[in-house]
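Overview (structure and organization)
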Amino acid sequence: MSEEHPAGARQTHDRLPAGGDDAHAPRWVRVFGIVGIAVAVAVVLILFAGQGQHGPGRHVPASDGPSVERPEQDRPGHGLDQGGPAAPEPHSRPSGARE
Amino acid sequence: MTMGPPLRRLALATHVTVSGGWIGAVIAYLVLDVVATAGRTPGTIRAAYIAMSLIASWAIVPLALASLATGIGMALGTPWGLWRHYWIVISLVLTSIAVVVLLLELPVITSLAQTAADPGTSVQDLRSLPGTWVHSAGGLLILVVVNTLNVYKPRGLTRYGRKRTRDQR
């Protein structure tokens with residue numbers, strides 16, 4: 001929002017143009033509309049392609065365990081946490097254990 | 001009702017503050033979202049999800065609602081109006097979409113944080129928790145677009161705005 005208003009002396013660009021282009025929406029509005037429609041169509045297509053898997057319930061883990069939406073192999077090989085090597089998992093065998 | 005200059009400046013300062021805070025909070029959330037998704041250390045992943053929930057509940061949602069409310073108040077309380085200029089209408093629509101998606105996503109974020117905070121959640125399950133970065137990145141993009149619109153205020157009167165302008169002449 002603005003501290004100025006359309007009737008303000010320094011805000012002249014909001015006055016009606018002297019030409020006849022006030023009968024149609026400005027070009028930037030049409031571009032916005034086209035982009036908005038394209039994005040909306042893309043979102044709808046993604047929703048249909050996901051067969052209803054999109055939405056809040058998609059992220060919520062199931063009662064018998066979390067949803068496996070992100071396969072382990074897809075995860076990057078290094079962490080962003082920079083906390084050194086990942087902690088060993090509880091069920092993993094210690095590296096020094098004998099066979 | 002048109003606000004007087006002192007009240008208008010106060011409303012503008014409030015609107016700019018909460019809107020800028022909203023963008024900053026989303027950026028902080030997005031950083032945590034990426035860390036929660038790509039992190040490897042269990043403690044970091046747990047902390048990231050919990051912090052995401054706290055930021056969403058106590059910073060992003062209040063700031064988003066305040067930004068929407070102060071924006072509408074600014075439009076209605078000044079000669080700009082709410083439906084006269086395309087940039088205001090588009091800003092209102094985009095902000096409303098962002099707020100609705102945020103409110104729909106909030107239970108998901110809370111659920112993820114509860115799962116991450118649960119000591120019974122195994123490391124493997126913890127690492128398989130999804131992120132919400134698509135929504136947060138999309139939300140940030142919308143906020144940047146709205147902010148740009150509000151700064152540049154591109155010209156263009158709506159049909160209603162043209163009619164009101166003609167009537168006032």
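Because the structure is predicted, anything quoted here is derived from the model rather than measured. (Residues numbered from 1 in each chain as written. Chains lettered and ligands numbered in written order. Predicted model: local features only at pLDDT ≥ 70, side-chain atom pairs only at ≥ 80, totals over all residues. Heavy atoms only, no water.)

**Considering the overall build of chain A**
Within chain A, the regular secondary structure consists of 2 helices and 0 strands. Looking at chain A residue by residue over its 99 residues, the buried ones come to 22%. Summing over all exposed atoms, chain A offers an accessible surface of approximately 7,400 Å²; the carbon and sulfur share of this is 60%. (Helix = DSSP H or I, 4+ residues; strand = E, 2+ residues; numbered from the N terminus. Buried < 20%, exposed > 50% of the residue type's maximum accessible area, 1.4 Å probe, protein only. Areas by Shrake-Rupley, 256 points an atom, 1.4 Å probe, with all protein chains shown as cover.)

**Regarding the nonpolar core**
By size, the foremost hydrophobic cluster in this structure holds 42 residues, and its most contacted members are Trp 28 of chain A together with Trp 22, Tyr 49 and Ile 60 of chain B. At the level of secondary structure, the elements contributing two or more residues to this core comprise helix 1 (27–49) of chain A together with helix 1 (5–38), helix 2 (42–76), helix 3 (86–117) and helix 5 (133–152) of chain B. Counting residues per element, this core draws most heavily on helix 3 of chain B, at 14 residues. With sequence-adjacent residues up to four places away left out, Trp 22 of chain B is seen in contact with Ile 60, Leu 63, Ala 64, Ser 67, Thr 95, Ala 98, Val 99 and Leu 143 of chain B. (Core = buried A, V, L, I, M, F, W, Y, C linked by side-chain atoms within 4.5 Å. Contact = heavy atoms within 4.5 Å.)

**Focus: unusual backbone geometry**
For residues other than glycine, phi is negative in most cases, and the peptide bonds are mostly trans. All names here are of chain B. For Lys 153, which is not a glycine, the phi torsion comes out positive at approximately 50°. Looking at the element boundaries, Lys 153 is found in the loop between helix 5 and helix 6 (159–168). The buried category is assigned to Lys 153, whose relative accessible area is 7%.

**Observations concerning the packing of helix 1 of chain A against helix 3 of chain B**
Interaxial distance between helix 1 of chain A and helix 3 of chain B falls to 11 Å at its minimum, and their mutual angle equals 20°. The angle between helix 1 of chain A and helix 3 of chain B falls in the class roughly parallel. Between helix 1 of chain A and helix 3 of chain B lies a crossing of left-handed hand. Contacts between helix 1 of chain A and helix 3 of chain B involve Trp 28, Val 29 and Phe 32 of chain A from the first element and Tyr 86, Trp 87, Ile 90 and Leu 94 of chain B from the second. Partitioning the contact of helix 1 of chain A with helix 3 of chain B into residue classes produces 7 nonpolar, no polar and no charged. (Axes fitted to C-alpha atoms, helices over the stretch in contact; angles between N-to-C directions. Parallel < 35°, antiparallel > 145°, perpendicular 65-115°, else oblique. Left-handed = near helix turned anticlockwise from the far one by under 90°. Nonpolar A, V, L, I, M, F, W, Y, C, P; charged D, E, K, R; others polar.)

**What to know about the confidence of the model for chain B**
All names here are of chain B. Considering every residue of chain B, the mean pLDDT works out to 94; 100% of them sit at 70 or more. Here helix 6 stands out as the element of chain B with the lowest mean pLDDT, 88, in contrast to helix 2, whose mean of 96 is the highest. The ipTM assigned to the predicted complex is 0.76, against a pTM of 0.76. (pLDDT = per-residue confidence, 0-100.)

**Side note on the packing of aromatic side chains**
Applying the stated criterion across every chain yields a total of 2 aromatic pairs over all chains. Centroid distance Trp 28 of chain A to Phe 32 of chain A: 5.6 Å. Interplanar angle 90°. Geometry classified as edge-to-face. In this pair, Trp 28 of chain A and Phe 32 of chain A are both assigned in helix 1, 4 residues apart and thus about one turn of the helix distant. Residue Trp 28 of chain A is classed as buried on the basis of its relative accessible area of 18%. Judged by centre distance (5.3 Å) and plane angle (80°), the ring pair of Trp 80 of chain B and Trp 87 of chain B falls under edge-to-face. As far as burial versus exposure is concerned, Trp 80 of chain B and Trp 87 of chain B are alike and both buried. (Phe/Tyr/Trp six-rings, centres within 6.5 Å; stacked < 30°, edge-to-face > 60°.)

**Examining the pattern of salt bridges**
Here the idea is simple: oppositely charged side chains can pair when their charged atoms come close. Residue and element names in this part refer to chain B. Counted according to the given criterion, the structure contains 1 salt bridge over all chains. Between Asp 167 and Lys 163 there is a salt bridge, with the nearest N and O atoms lying 3.3 Å from each other. Separated by 4 residues within a single helix, Asp 167 and Lys 163 lie in helix 6, roughly one turn from each other. Residue classification places Asp 167 among the exposed residues on the basis of a relative accessible area of 52%. Judged by its relative accessible area of 47%, Lys 163 is partly exposed. (Salt bridge = Lys/Arg side-chain N within 4 Å of Asp/Glu carboxyl O.)

**Remarks on the confidence of the model for chain A**
Residues and elements named next belong to chain A. Residues with a pLDDT of 70 or more make up 28% of chain A, whose mean pLDDT is 58. Confidence drops under pLDDT 50 across residues 7–21; counting only partners more than four residues distant or on other chains, this segment forms 23 contacts. Across residues 82–99 the pLDDT falls below 50, and counting only partners more than four positions away or on other chains, this stretch makes 11 contacts in the model.

**Overview of the side chain of Ser 136 of chain B**
Structurally, Ser 136 of chain B is set in helix 5. Once residues within four sequence positions are removed from consideration, Ser 136 of chain B is found in contact with Val 26, Tyr 29, Leu 30 and Asp 33 of chain B.

**Section: the packing of helix 1 of chain B against helix 2 of chain B**
When two helices pack together, you describe them by how their axes are tilted relative to each other and by the distance separating the axes. Residues and elements named next belong to chain B. It is at 8 Å that the axes of helix 1 and helix 2 come closest, and there the two elements cross at 155°. The orientation of helix 1 relative to helix 2 falls into the category roughly antiparallel. The crossing of helix 1 and helix 2 is left-handed.

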